[in-house]
Amino acid sequence: MKDFIKKYQNHKLLTNLNIILASLVLAVWINFFLVDGTNIGQSLKASVLNSQIWTETADVYLKKIDNDIYLVTNKNIVDLNNFSISFSYNPENVEIFDISSQLWQVANLWENQGINSIILNIQSPVNLNRWDNILKVWVNKKIETTENLNILNANFSDSENNQFLLSTSGITF
């Protein structure tokens, strides 16, 4: 008499192996032909290690170069007459020493625990080009941990006193 239980276990093992092999072949095929070979594949990548294209879409954003943090514009701004911005940070670990600009005089309007609001005093209307450094921010961390410096709001007015709100992006340093 045949052993039906042993035959069932062998059939179950072969079925599971077939499913595993088919999944492996399908995964390799998708990786080689879809993900790595086409523009669609580059858009589908979800791995942080494999992503190499990074675009900054905010109008103004913070960028760290060496040990300095710069406020950089991502748009051309024409006839800039007045510029104001507010920063938010962790006051228990981060201390902002100085905020300066090579182009304008910086006035610190309001400084509270964790929030700085500043305005740039501009004598005559100027034009900013894309990727120009607007400000330089000197920060010190008391404990070497990951911290954020965020921009709460940024706006400017042109020579005709029209107000424009700017989209912003902070930085993790």
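This text goes with the structure placed above it.
Enquirer: Would you take a moment to explain the overall build of the protein for this structure?
Expert: The secondary structure content of the protein amounts to two helices and 12 strands. When the helices and strands of the protein are placed in sequence order, the string is α-α-β-β-β-β-β-β-β-β-β-β-β-β. Within the protein, the proportion of its 173 residues that are buried is 31%. Considering only residue pairs separated by 6 or more positions, the protein has 69% of its internal contacts joining residues 24 or more positions apart.

Enquirer: Looking at this model, I keep getting lost on the packing of aromatic side chains. Mind explaining?
Expert: The description of two aromatic rings rests on the distance between their centres and on the angle between their planes. What the rule picks out here adds up to one aromatic pair. With centroids separated by 5.1 Å and ring planes inclined at 25°, the aromatic side chains of Phe156 and Phe164 adopt a geometry described as stacked. On the accessibility criterion, Phe156 (8% relative accessible area) is buried.

Enquirer: Would you take a moment to explain the environment of Ile171 for this structure?
Expert: Inspection of the secondary structure puts Ile171 in strand β12 (residues 171–172). Considered as a pair, Ile171 and Leu149 are 22 residues apart in the sequence and their alpha carbons are 5.4 Å apart. When neighbours within four sequence positions are excluded, Ile171 is seen to be in contact with Leu62, Lys63, Lys64, Ile69, Glu147, Asn148 and Leu149.

Enquirer: Sorry if this is basic, but what is going on with unusual backbone geometry here?
Expert: If a residue is not glycine, its phi is most likely negative; likewise, a peptide bond is most likely trans. One non-glycine residue, Trp131, adopts positive backbone phi at about 70°. Mapping Trp131 onto the fold places it in the loop between β7 (126–128) and β8 (133–141). Residue classification places Trp131 among the exposed residues on the basis of a relative accessible area of 54%. Notably, Asn161 is not glycine yet its phi reads approximately 60°, a positive angle.

Enquirer: I'm lost on the pattern of salt bridges in this one. Help?
Expert: Working definition: two side chains of opposite charge can pair if their charged atoms are close together. The full count for this structure, using the stated rule, is two salt bridges. We note a salt bridge from Lys136 to Asp68, for which the minimum N-O separation is 3.4 Å. In this pair, Lys136 is assigned in strand β8 and Asp68 in strand β2 (residues 68–73), connecting sequence segments 68 residues apart. Classification of Asp68 as buried rests on a relative accessible area of 18%. With a shortest N-O distance of 3.2 Å, Lys141 and Glu144 are connected by a salt bridge. The class of Lys141 is buried, set by a relative accessible area of 16%.

Enquirer: What's the story with the nonpolar core in this structure? I'm lost.
Expert: Inside soluble globular proteins, nonpolar side chains tend to come together where they are buried. By size, the foremost hydrophobic cluster in this structure holds 29 residues, and its most contacted members are Leu71, Phe83, Ile85, Phe87, Ile134, Leu135 and Leu149. The dominant element in this core, judged by the number of residues it contributes, is strand β3 (residues 77–89), at six residues. In this structure, Phe87 is in contact with Leu62, Ile99, Gly114, Ile115, Asn116, Ile118, Leu135, Val137, Leu149, Asn150 and Ile151, ignoring residues within four places of it in sequence.

Enquirer: So what exactly am I meant to see when it comes to the side chain of Glu147 here?
Expert: Secondary-structure assignment places Glu147 in the loop between β8 and β9 (148–158). Although buried, Glu147 forms no salt bridge, and the nearest oppositely charged side chain, Lys141, lies 7.0 Å from it. Separated by 2.9 Å, the side chains of Glu147 and Asn93 make a polar contact. Among the polar contacts made by the side chain of Glu147, one reaches the side chain of Thr145 at a distance of 3.3 Å. Once residues within four sequence positions are removed from consideration, Glu147 is found in contact with Asn90, Asn93, Val94, Lys141, Ile171, Thr172 and Phe173.

Enquirer: Just checking my understanding: could you explain the sheet that holds strand β11 (residues 168–169) for this structure?
Expert: Strand pairing in a sheet relies on backbone hydrogen bonds, with the paired strands running either antiparallel or parallel. Read across the sheet, five strands follow the order β4-β8-β2-β1-β11 without closing on themselves; strand pairing throughout is mixed. Whereas interior strands pair on both sides, the edge strands pair on one side only; in this sheet they are β4 (94–100) and β11. Bridge count for strand β1 (residues 60–65) against β2 is six bridges, and the pairing is antiparallel. Bridging from a neighbouring strand, Ile65 pairs with Asp68 of β2.

Cut-offs and rules
- Residues numbered from 1 in each chain as written.
- Predicted model: local features only at pLDDT ≥ 70, side-chain atom pairs only at ≥ 80, totals over all residues.
- Heavy atoms only, no water.
- Helix = DSSP H or I, 4+ residues; strand = E, 2+ residues; numbered from the N terminus.
- Buried < 20%, exposed > 50% of the residue type's maximum accessible area, 1.4 Å probe, protein only.
- Contact = heavy atoms within 4.5 Å.
- Phe/Tyr/Trp six-rings, centres within 6.5 Å; stacked < 30°, edge-to-face > 60°.
- Salt bridge = Lys/Arg side-chain N within 4 Å of Asp/Glu carboxyl O.
- Core = buried A, V, L, I, M, F, W, Y, C linked by side-chain atoms within 4.5 Å.
- Lys, Arg positive; Asp, Glu negative; His and termini not counted.
- Polar contact = N/O pair within 3.5 Å; in protein donor to acceptor, adjacent residues only side chain to side chain.
- Pairing = 2+ DSSP bridges.

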